[in-house]
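What follows is the residue order along each chain.
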Amino acid sequence: MKKVYLDYAATTPADPEVISAMEPYFFEKFGNASSLHAYGQEAKKALEDSRQTAAEFIGAHPEEIVFTSGGTESDNFALLGVAYALEKKGNHIITSAIEHHAIIEPAKFLEKKGFRVTYLSVDKDGMVSPEDLKKAITDKTILISIMQANNEIGTLQPIARLAHIAKEKGIYFHTDAVQTFGHIPINVNELNIDLLSLSAHKFYGPKGVGALYIRKGTRIETFMRGGDQERGRRASTHNITGIAGCARAIQLCQKNMENEIKFQGTLRDRLIKEIPAKIPEVRLNGHPTERLPNNVNFSIKYIEGESMLLSLDMLGIALSTGSACTSSSLEPSHVLLAIGLDHATAHGSLRITLGRWTKESDIDYLLEKLPPVVQRLRSMSPLYERKDT
Ligand code: PLP
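Remember, it's a predicted structure, so these values are computed and weren't measured experimentally. Residue positions are given per chain, counted from 1 along the sequence in the order it is written. Per-residue local features are limited, in this predicted model, to residues with pLDDT of at least 70; the limit for side-chain atom pairs, both in listing and counting, is 80 or more; totals at the level of whole chains, interfaces and linings are taken over all residues. Remark: hydrogens and water are excluded; side-chain values derive from all non-hydrogen atoms of the structure.

Go over the overall build of the protein with me, naming the residues and quoting the values.
Helical segments are the DSSP runs of H or I of at least four residues, strand segments are the runs of E of at least two, and each set is numbered from the N terminus. Regarding its fold elements, the protein presents 13 helices and 12 strands. Computation of the radius of gyration draws on C-alpha atoms alone. For the globule rule, the value is 2.2 Å times the number of residues to the power 0.38. Against the compact-globule benchmark of 21 Å for 389 residues, the protein has a radius of gyration of 22 Å, which places it among compact chains. The principal-axis extents of the C-alpha atoms in the protein amount to approximately 70 × 55 × 35 Å. Each of the 389 residues in the protein was classed as buried or not, and the buried ones make up 57%. For the protein, the exposed surface amounts to about 16,800 Å²; the carbon and sulfur share of it is 53%. Within the protein, one finds 46 positive and 47 negative side-chain charges whose respective centroids are separated by 2 Å. Think of it in three bands: with a 1.4 Å probe and only protein chains considered, a residue is buried below 20% of the maximum accessible area for its type, exposed above 50%, and partly exposed in between. Each accessible area value is a Shrake-Rupley result obtained with a 1.4 Å probe; residue values ignore everything except the protein chains displayed when judging cover. Charge assignment: positive for Lys and Arg, negative for Asp and Glu; neither His nor the chain ends contribute. In this description, the location of a charge corresponds to atom NZ of lysine, CZ of arginine, CG of aspartate or CD of glutamate.

If you want it as structure tokens, here you go:
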């Protein structure tokens, strides 16, 4: 059976060149980067070279990069670390209603500890308004955290404008760049970003490794205590294989980015045009133009995202839905509700995300298979039957 992977926002396969770059650090170069002997020094060199690669990619200095176990740890580190470092200065944090759970959950945790969190609402396209941000700032605000692109609907936030507002007020600005790093150009100085989270498995690197960029001088409490790795900012023996893989993945993104943006953008736009032409009563979720080059998200009315997902899975197509029967609450995605969808429409959402190995023929296959799946499910849907009554 043909197999088509269209869930690159969930995770990406590692690039074979990434695996080659990692391999020596499992075997002959297996040393601990904290050891003083030759094995250790070899690992340390790989660590520092990787740090340099990650830093240069976003216009940062190497000492501003702290390697972590991935996006979730980086997001937690940013929020909890800044909150605890600045708790005497203020107790107010601003974020958005559509952040990933890796931000929402530590924010809720901080609320239980006495911090106040404002969750900025977004418009129907998933955009945060700079005016709303300005209004939400108080003299107690210590951190603003707004994701660069949303993982479900792909909307790109006006990060430069939002971070500029933070800078004018002397407030730290963090962005969760897990969905953008490696996919679109980022320069932390041009954007005025103080903290930025990234995760290697979203850009063809290995799982379980990421980084937090921390601008020099930013006050942040250590999150993982133990040894003095990462200049005391993140204890634990370095994951050298993962870090070397992450660095190679960054180099490959640098090389391929321009072409990938163009090619994936063309495929994305084809889906955005052809899905509504082939299937009536669908709604594009996310901003029509200010969106990730690889993201398409549609609500397909009167049917469940999960039923579509499972039917497509049987045809070899892997994609994702914001319909969340995976969670105990059966609540649809908080992102789709935040852009104003009712529960039924949110439950019928499909996220299609493209990547390095997506081919035109994969899109042909999806466009061939999706309409009959929708038609079959709608023919069984009581909601569809009742729609005109
Ligand atoms: N932030 C965003 C926007 C994400 O999409 C994800 C992963 O889906 C994360 C954070 C968490 O990253 P990780 O899987 O590396 O912990």
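Requested: an account of the site of the ligand, with residues and values cited.
Throughout, the term near means that a residue has one or more heavy atoms lying within 4 Å of the molecule or strand in question. As a structural note, the neighbourhood of the ligand is formed by 13 residues, with Gly71, Thr72, Asp176, Ser199 and Lys202 the closest of them. Definition of a polar contact: a pair of N or O atoms within 3.5 Å, with one able to donate and the other able to accept a hydrogen when the atoms are protein atoms, and with sequence-neighbouring residues admitted only if both atoms are side-chain atoms. Contact distances for the ligand include 2.8 Å between an oxygen atom and a backbone N or O atom of Gly71. Side-chain polar atom of Ser199 to an oxygen atom of the ligand: 2.6 Å apart, as the coordinates give it. If the ligand stood free it would expose 400 Å²; the protein chains cover 84% of that surface. The classification used treats Ala, Val, Leu, Ile, Met, Phe, Trp, Tyr, Cys and Pro as nonpolar, Asp, Glu, Lys and Arg as charged, and all other residues, Gly among them, as polar. For the shell around the ligand, the class distribution of residues is two nonpolar, eight polar and three charged.

An account of the packing of helix H3 (residues 71-85) against helix H4 (residues 101-112) is needed here, citing residue identities and associated values.
Between H3 and H4, whose axes approach to 8 Å, the crossing angle comes to 30 degrees. Classed by the angle they form, the pair H3 and H4 counts as roughly parallel. At the point where H3 passes H4, the crossing takes the right-handed sense. In this structure, H3 contributes Thr72, Asp75, Asn76, Leu79, Leu80, Ala83 and Tyr84 to the contact, and H4 contributes Ala102, Ile103, Pro106, Ala107, Phe109 and Leu110. Interaxial angles span 0 to 180 degrees and are taken between N-to-C directions of axes, which are lines fitted to C-alpha atoms, for helices over the stretch in contact. When an angle is under 35 degrees it counts as roughly parallel; over 145 it counts as roughly antiparallel; between 65 and 115 it counts as roughly perpendicular; any other value is oblique. In this scheme the handedness of a crossing depends on how the near helix is turned from the far one: anticlockwise by less than a right angle means left-handed, clockwise means right-handed. Here, residues are in contact when the closest pair of their heavy atoms is within 4.5 Å.

Report on H4, specifying residues and quantitative values.
Multiplying 1.5 Å by the helix residue count minus one yields the expected span of that helix. The terminal C-alpha atoms of H4 lie 16 Å apart, and with 12 residues this matches the ideal 16 Å at 1.5 Å per residue to within 8%. Every buried residue belonging to H4 is among Ala102, Ile103, Ile104, Pro106, Ala107 and Leu110, and all of these are buried. Those residues of H4 that are buried are in contact with H3, strand S3 (92-96), strand S4 (116-120), strand S5 (141-145), strand S6 (172-176) and helix H10 (334-338). Following H4 by one or two positions, Gly114 has its phi on the positive side, about 105 degrees.

Talk me through the pairing of strand S12 (residues 349-353); I want residue IDs and the actual numbers.
Counting buried residues along S12, five of its five residues qualify, which places the element largely inside the surrounding structure. Residues Ser349, Arg351 and Thr353 of S12 are buried on one face, and the alternating residues Leu350 and Ile352, pointing to the opposite face, are buried as well. When DSSP locates at least two bridges between a pair of strands, those strands are taken to pair. Examined bridge by bridge, strand S10 (residues 295-300) and S12 share five bridges and lie antiparallel to one another. Directly across from Asn295, in S12, lies its bridge partner Thr353.

Tell me about the domain arrangement of the protein, and name the residues and values.
Domain boundaries assigned for the protein yield domain 1 (4-11 + 257-388) and domain 2 (16-252). Placing a centre on the C-alpha atoms of domain 1 and another on those of domain 2 gives a separation of 29 Å. Contacts between domain 1 and domain 2 engage 30 residues on the former and 32 residues on the latter. Once two parts are joined, some of their accessible surface, as seen by a 1.4 Å probe, is lost; buried area is that loss totalled over both. Roughly 2,500 Å² is buried in total at the junction of domain 1 and domain 2, and carbon and sulfur atoms are behind 57% of that figure. Interface area lost by domain 1 to domain 2 is led by Met257, Leu292 and His334, which between them contribute 24%. Residue ranges for the domains originate in an automatic or database domain assignment.

Break down unusual backbone geometry for me, with residues and values.
Despite not being glycine, Glu230 shows a phi value in the positive range, around 55 degrees. Assessed through its relative accessible area of 5%, Glu230 is described here as buried. Backbone geometry places Ser236, a non-glycine residue, at a positive phi of 120 degrees. As for its placement among the helices and strands, Ser236 is situated in the loop between strand S8 (210-214) and helix H8 (240-278).

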